[in-house]
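Listed here are the chains, written in short residue letters.
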Amino acid sequence: MREFVKPRIDADSALLRVEVAGICGTDARLYFSPPDTPATRGQVIMGHENVGIIAEAGENFRARHGVEEGDRVFVEHYVACYNCEWCRIGEYRHCEATDWRTNPDARRFGYTSADHPGHLWGGFSEAMYLPWNTVLHRVPTTMSAELAGMVMPLSNGIEWALLTAGIGYDDTVLIQGPGQQGLAQLVASKQAGASMIIVSGTTRDRERLDLARELGADAVIDVLAEDAREKVMDLTNGRGLDFVLDCTSRAGTAPMLLGIDVLKRREGTMVVQGELSAFPDFPLKKITEKSITMKSARGHSYKACELAVAQLASGRFPLEKLATHRYGIDQVDHAIRVLAGQTDEDAIHISMMPSMVGERGGRTAKGDAK
């Protein structure tokens, strides 16, 4: 735990009082293996799925973003330039100003060194500094902070399933991995009108697979207890699938090989996250023969976030059930280990809530998202 002097807020900046910072698999990867880049060296306050209240804001900041002090907002982790070709179409994820891997002076919430002016560049904090080029989304007054904390995983699901893959009416889909991203893609596919949605996981994922059914999955597969290929082919009458979305973690090459195998005879699409740095014996010949389109899942656009806010506000799906655990800021280390599977707790989405400092965190009551 560290303390910083409150940053000076001028006409172009603001201070966010953090209510919820979601924790995801990227946090675990960066926590246990910190990246060594010029942009991330030094003290880094993590936390990139952030919701809070505008506590203080300069005149220009309020006018530029259309917010007032007291408003609840979701803050994208991209800190954009607002001037490049990508920013002009709402694709801040591709902006060079926010790419910490290649730009030594990049800014991105949860990835930026506290040595930079403003210091408070991450959500695992009581407050966060917001420069003029922050990307904000207004949260409806009817939505709780914890439910709003689901905007990022849901926006990723919408981006990858709808905008990247292009899933639509009457399509058949396999979603591999029933974590927060996989379940978010399930909701997006269901909303888009997919006629057959299959979600796969392991025996340990039994409760998650049950939740997948509740959210609208037509079938689920335990890949350790069933022949996944045989079941997919049986469910699709031997045709195979239009789309496969890989949301697995630490599963090796098996999910991609299965996905390639169960896609339809021609012109299927597979979206992958690319956790593997290399793929031995990559089946390029089969991909070519089946005319498979491979796409990468990379972040989210402004449009996807707006659609996620609208979806959460609609109440059509019981998405509050994805918010399974909450912890105080003094329990972040434990919370990350829970998400990484280093404990016997099974978490789908974890909320870090500064207001819970000193309280015992853990699993929420079922369906409770205060």
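Scroll up to find the structure.
What comes next concerns the included structure. (Residues numbered from 1 in each chain as written. Predicted model: local features only at pLDDT ≥ 70, side-chain atom pairs only at ≥ 80, totals over all residues. Heavy atoms only, no water.)

**Digging into the overall build of the protein chain**
Okay, step 1: Of regular secondary structure, the protein chain possesses 11 helices and 14 strands.
Okay, step 2: Based on the C-alpha atoms only, the size of the protein chain along its principal axes is roughly 65 × 45 × 35 Å.
Okay, step 3: Accessible surface for the protein chain amounts to roughly 16,400 Å². Of this, 48% is attributable to carbon and sulfur atoms.
Okay, step 4: The centroid of the 41 positive side-chain charges in the protein chain is displaced by 3 Å from the centroid of its 50 negative side-chain charges. (Helix = DSSP H or I, 4+ residues; strand = E, 2+ residues; numbered from the N terminus. Areas by Shrake-Rupley, 256 points an atom, 1.4 Å probe, with all protein chains shown as cover. Lys, Arg positive; Asp, Glu negative; His and termini not counted. Charge placed at Lys NZ, Arg CZ, Asp CG, Glu CD.)

**Here we look at the sheet that holds strand 9 (residues 243-246)**
Whenever strands of a sheet pair, they do so through backbone hydrogen bonds, lying parallel or antiparallel.
Okay, step 1: Taken in spatial order, the 6 strands of this open sheet run 8-7-6-9-10-11, and their pairing is parallel. Of all the strands in the sheet, just strand 8 (219-222) and strand 11 (293-296) have a single pairing partner and so form its edges. Each neighbouring strand pair of the sheet contributes to a mean axis angle of 15 degrees, computed without reference to strand direction.
Okay, step 2: Two elements, strand 9 and strand 10 (residues 269-272), share 3 bridges in a ladder whose sense is parallel. Bridge assignment links phenylalanine 243 to a residue of strand 10, and that residue is threonine 269.
Okay, step 3: Across the sheet, helix 5 (residues 180-192) touches strand 6 (172-176), strand 7 (196-201) and strand 9, and the angle it forms with strand 6 is around 165 degrees.
Okay, step 4: Here helix 8 (residues 254-262) sits on the sheet in contact with strand 6, strand 9, strand 10 and strand 11, set at roughly 165 degrees to strand 10. (Pairing = 2+ DSSP bridges. Axes fitted to C-alpha atoms, helices over the stretch in contact; angles between N-to-C directions. Contact = heavy atoms within 4.5 Å.)

**Focus on the pairing of strand 4 (residues 127-130)**
Okay, step 1: Every second residue of strand 4 is oriented toward a common face, with Ala127 and Tyr129 on one face and Met128 and Leu130 on the other, all of them buried.
Okay, step 2: Bridging between strand 1 (residues 14-23) and strand 4 involves 4 bridges; their strand directions are antiparallel. Looking at the pairing, alanine 14 lines up with leucine 130 of strand 4. (Buried < 20%, exposed > 50% of the residue type's maximum accessible area, 1.4 Å probe, protein only.)

**Here's the deal with the state of the cysteines**
Okay, step 1: Taken as a whole and assessed by the stated rule, the structure comprises 0 disulfides.
Okay, step 2: Residue cysteine 81 stays outside any disulfide, its sulfur separated by 3.7 Å from that of cysteine 95, the closest cysteine.
Okay, step 3: Using a relative accessible area of 26% as the deciding quantity, one classes cysteine 81 as partly exposed.
Okay, step 4: Free of any disulfide, cysteine 247 has its nearest cysteine sulfur in cysteine 24, 12 Å distant.
Okay, step 5: Among the residues examined, cysteine 247 registers a relative accessible area of 12% and is labelled buried. (Disulfide = S-S within 2.5 Å.)

**Comments concerning the packing of helix 7 (residues 228-235) against helix 8**
Okay, step 1: Two elements in contact, helix 7 and helix 8, have axes separated by 10 Å at closest approach and are oriented at 30 degrees. By the criterion of interaxial angle, the relationship of helix 7 to helix 8 is roughly parallel. When the axes of helix 7 and helix 8 are compared, the crossing they make is right-handed. On helix 8, the residues that touch Ala228, Arg229, Val232 and Met233 of helix 7 are Leu258, Asp261 and Val262.
Okay, step 2: Residues of the contact of helix 7 with helix 8, tallied by class, amount to 5 nonpolar, no polar and 2 charged. (Parallel < 35°, antiparallel > 145°, perpendicular 65-115°, else oblique. Left-handed = near helix turned anticlockwise from the far one by under 90°. Nonpolar A, V, L, I, M, F, W, Y, C, P; charged D, E, K, R; others polar.)

**A closer look at the packing of aromatic side chains**
Okay, step 1: All chains considered together, the criterion is met by 8 aromatic pairs.
Okay, step 2: Aromatic pair tryptophan 100 and tyrosine 111: ring centres 5.4 Å apart, planes at 25 degrees, arrangement stacked. Within this pair, whereas tryptophan 100 is found in the loop between strand 3 (72-79) and strand 4, its partner tyrosine 111 is found in the loop between strand 3 and strand 4, the two being separated by 11 residues in sequence. Summarising the burial analysis for this pair, tryptophan 100 and tyrosine 111 share the class buried. (Phe/Tyr/Trp six-rings, centres within 6.5 Å; stacked < 30°, edge-to-face > 60°.)

**Points about the nonpolar core**
Okay, step 1: One finds Leu186 and Val199 to be the most contacted residues of the largest nonpolar core, which totals 49 residues.
Okay, step 2: If you list the elements that add at least two residues to this core, you get helix 3 (145-148), helix 4 (151-164), strand 6, helix 5, strand 7, helix 6 (206-214), strand 9 and helix 10 (302-314).
Okay, step 3: Examining the composition of this core, we find that 6 residues originate from one element, helix 4, more than from any other. (Core = buried A, V, L, I, M, F, W, Y, C linked by side-chain atoms within 4.5 Å.)

**A look at helix 5**
Okay, step 1: Given a rise of 1.5 Å per residue, 13 residues ought to cover 18 Å, and the 18 Å separating the end C-alpha atoms of helix 5 matches this to within 8%.
Okay, step 2: Counting buried residues along helix 5, 10 of its 13 residues qualify, which places the element largely inside the surrounding structure.
Okay, step 3: All buried positions along helix 5 are accounted for by Gln180, Gln181, Gly182, Leu183, Ala184, Gln185, Leu186, Val187, Ala188 and Ser189.
Okay, step 4: Phi turns positive one or two residues past the end of helix 5, at glycine 193, with a value near 100 degrees. (Expected span 1.5 Å × (residues − 1).)

**Comments concerning the environment of aspartate 330**
Okay, step 1: Mapped onto the fold, aspartate 330 is located in the loop between strand 12 (323-327) and helix 11 (332-339).
Okay, step 2: For aspartate 330 and methionine 1, which are 329 residues apart along the polypeptide, the C-alpha to C-alpha distance reads 7.6 Å.
Okay, step 3: Leave out the neighbours within four places in its chain, and aspartate 330 touches Met1, Met356, Val357 and Gly358.

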